[in-house]
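Structure assessment
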Amino acid sequence: MGLLHDRRSHAPRLRSRRISIFALRLFWIISTIWCEFGVFFYSLVHCRWPDEVPQLQLTSTTKPTRVLLIVDAQVPNPAVVGSSWFGEDHVTSYLRKGWRVAYHLHPDVVIFLGDTLSSGRYVRSKEEYDSYYRRFESIFRHSNETAFYFIPGNTDIGLGHSSSFSKDASQFFVEYFGPLNQAITIAGHKFVLIDAPKLVEEDYHRHARGQSFEEWTPLSGGPIAFLRSTAETLDNTESVVLLSHIPLSRPASKSCGPLREKGSISAGAGRGYQNMLGKQTTEFLLETLQPSIIFSGDNRDYCEVLHTIPSPDGLDIRAEVREVTVKSFSPSRHIRWPGFQLISLIPPVPESSSGPAIADTSCHLPDTVGIYKRIYLPSLVLTAIVLLYINLPSRSHRRRLSSFSAASGRRPSGPESATWPTWSSHPRSFLKSPTDPLPVNPSTKEFHCLITSRSGTPQISPLLSPIALFSPQDEIEDLMNPAHSTNRDHEDNSWTANGEDEGEYSDSVPAFLPQLRRSRLSRNRWWRWRSPFDLRGQRRCVTVRSPRWDNRFASGGHFLFGTPELLWGFACDAVSIALPALLSRLVVGWIFSSV
């Protein structure tokens, strides 16, 4: 009956375990797809082209031109960065997914504001640069209808002199990405793209000679010569949009606006970088080009400031121009949310006061660090707790009727049966015959040695007889002095240190009695000491045991978790849960990159 009860109680446990494993698999599949791909689409739910402001000047047939600005793409060099378990590194995967959702906005023009390559200034061979450019093309795939323009950054061509920088970096950039300085017209607006790293280098040479910009003779093909020649071709009514990789100079205390995550842009320079252009260089740019708006990068975080420029007529009237430092497109430790900038353009109308002809807005990409901290890490902890719980061994088959003391008054759990008498916590006064319950085998008693009559003898038995076969007093004396309970050395009051109880009782248990299995505690003990005593007319004893430490260490986790099966079951369940999630990530990632 006990075995039947164990099987009945084990079936719901199996069903609950299977449901739990299935629920965890489904949870991790959904979480992986959402955290790796879904959050990118969700991040752009509120990202829209800023067409509302230009639409004030539009007719029903006019469509604004849409420009997408990307800065600090920082494409890793495939020759330097190895692949991960999923085929590519984290930054490349993030760039690929970020570009997919950004390109779904259908821009007409895409302009990269420098630092397109993370280590382009270190590439010395054309073969390596060609492989590097193919990696860039594989990430930022686009149709021929979308125009791409580039300006160099300090990680593309370098800034300053260093033995580690390639002398051919600028030449490679021109060959694969385009001119270092260029001016293009988009929807009636003049976009001036300048080589900021070379502008800083030329400014160092000018400052070393102690000359002003008016006295300085520009280097042939340099950015200053390009700016002067471009300014000569500009019309006074033409709208100029200045694009520079390095932000313009401003006071360190100047606020960057509410969209910046932390801090502000301060002056600083080092090996291969400079945080801002010089103050004189900034004044030269503003006075020469008179831009309507400025876009820059390199700082990784968003920043919006206003610059003042003198009137071109020489009057003491100063105009304000807005500069926007675009967020980094690639993930960085300096920011939580990467991003990009959207610009909507319409042809400017001369002498029109109905509204601006250009509008821009910032869009953010997902916070990957926050995803790991807020979703992945808590989910891993909860999954581990659930797996440990469902893999804990069932205790129902270890219940013993002997675990209930005579004073507890509790009835052992188990199914009712007419074959077995009702259990009672009160000891019988005497034993009449074998029809009464036999004493419990001392080897099965775990935590106490209270001598009570056991409710275990079948009621329907051939041994039923009203005749007393033994004297009640003799049986009571045998129970109070069990010779078969332990092997005791009467001389030194010591007990044998073996793992099994010896005595003739273990061999004389009737065949019709249920054979109870010994608990793990009794199997693992190797030494024990007992001291019987009388308490309120009842026989009790104190037992001290020592566990088998050698078996616990040798069982591979038995000491720490209780059973080696727990570790094995936990590992198998973890693999069975993680494998479908990883496969779904690979499949969805392949589909995502193929579209």
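Look up a bit, the structure's there.
Predicted model only: the values in this text are computed from it and were never measured.

All right, on to helix α6 (residues 196–208) then. Taking 1.5 Å per residue as the helical rise, α6 with its 13 residues ought to reach 18 Å, and the 18 Å between its terminal C-alpha atoms agrees with that figure. Inspection of α6 places Ala196, Pro197, Leu199, Val200, Glu201, Glu202, Asp203 and Arg206 among the buried residues, and these make up the whole buried set. Summarising the contacts, the buried residues of α6 are in contact with α4 (154–157), α7 (223–232), β8 (273–274) and α8 (279–289). Backbone geometry just downstream of α6 places Gly210 in the positive-phi region, at approximately 70 degrees.

Residues apart from glycine generally show negative phi values, whereas peptide bonds are mostly found in trans. Phi is positive for Asp115, close to 55 degrees, though the residue is something other than glycine. Tracing the chain through its elements places Asp115 in the loop between β2 (109–112) and α3 (126–139). Classification of Asp115 by relative accessible area gives buried; the value is 3%. If you check the backbone angles, Asp298 has positive phi at about 75 degrees while not being a glycine. Structurally, the position occupied by Asp298 is in the loop between β9 (293–296) and β10 (303–310).

In this structure, Leu68, Ile70, Val75, Trp99, Phe140, Phe177 and Phe340 are the most contacted members of the largest nonpolar core, which totals 51 residues. No other element matches the 7 residues that helix α1 (residues 2–43) contributes to this core. Excluding anything up to four places from it in sequence, Leu68 contacts Trp49, Trp99, Ala102, Pro107, Val109, Val110, Ile111, Phe340, Gln341 and Leu342.

The subject of this paragraph is the side chain of Ser379. Mapping Ser379 onto the fold places it in helix α9 (residues 368–390). Judged by its relative accessible area of 9%, Ser379 is buried. Those residues in contact with Ser379, other than ones at most four positions away along the chain, are Phe27 and Trp28.

Moving on, we get to the packing of aromatic side chains. The relative placement of two aromatic rings is captured by the distance of their centres and the angle of their planes. Summed over all chains, the structure comprises 27 aromatic pairs. Their ring planes at 90 degrees and their centres at 5.9 Å tell us that Trp99 and Phe148 sit as a pair that is edge-to-face. Here Trp99, found in helix α2 (residues 90–103), pairs with Phe148, found in strand β3 (residues 147–150); they are 49 residues apart in sequence, far enough to count as distant. Per residue, the accessibility class of Trp99 equals that of Phe148, and both read buried.

Tracing the backbone through its elements, the reader meets Leu242 in strand β6 (residues 239–243). Each C-alpha atom, one on Leu242 and one on Ile293, is 6.5 Å from the other, the two residues being 51 residues apart in sequence. Not counting residues within four places of it along the chain, the set of residues in contact with Leu242 comprises Val192, Ile194, Leu285, Leu289, Pro291, Ile293, Ile294 and Phe295.

Another point: the sheet that holds β2. Whenever strands of a sheet pair, they do so through backbone hydrogen bonds, lying parallel or antiparallel. Within the open sheet, the 5 strands sit side by side as β3-β2-β1-β12-β13. Their pairing is mixed. Edge positions in the sheet fall to β3 and β13 (358–364), since each has one partner strand and no second. Averaged over neighbouring strand pairs, the angle between their axes works out to 20 degrees when direction is ignored. Relative to β3, β2 is paired through 4 bridges, and the arrangement is parallel. Note that in β3 the partner of Val109 across the bridge is Ala147.

Analysis parameters
- Residues numbered from 1 in each chain as written.
- Predicted model: local features only at pLDDT ≥ 70, side-chain atom pairs only at ≥ 80, totals over all residues.
- Heavy atoms only, no water.
- Helix = DSSP H or I, 4+ residues; strand = E, 2+ residues; numbered from the N terminus.
- Expected span 1.5 Å × (residues − 1).
- Buried < 20%, exposed > 50% of the residue type's maximum accessible area, 1.4 Å probe, protein only.
- Contact = heavy atoms within 4.5 Å.
- Core = buried A, V, L, I, M, F, W, Y, C linked by side-chain atoms within 4.5 Å.
- Phe/Tyr/Trp six-rings, centres within 6.5 Å; stacked < 30°, edge-to-face > 60°.
- Pairing = 2+ DSSP bridges.
- Axes fitted to C-alpha atoms, helices over the stretch in contact; angles between N-to-C directions.

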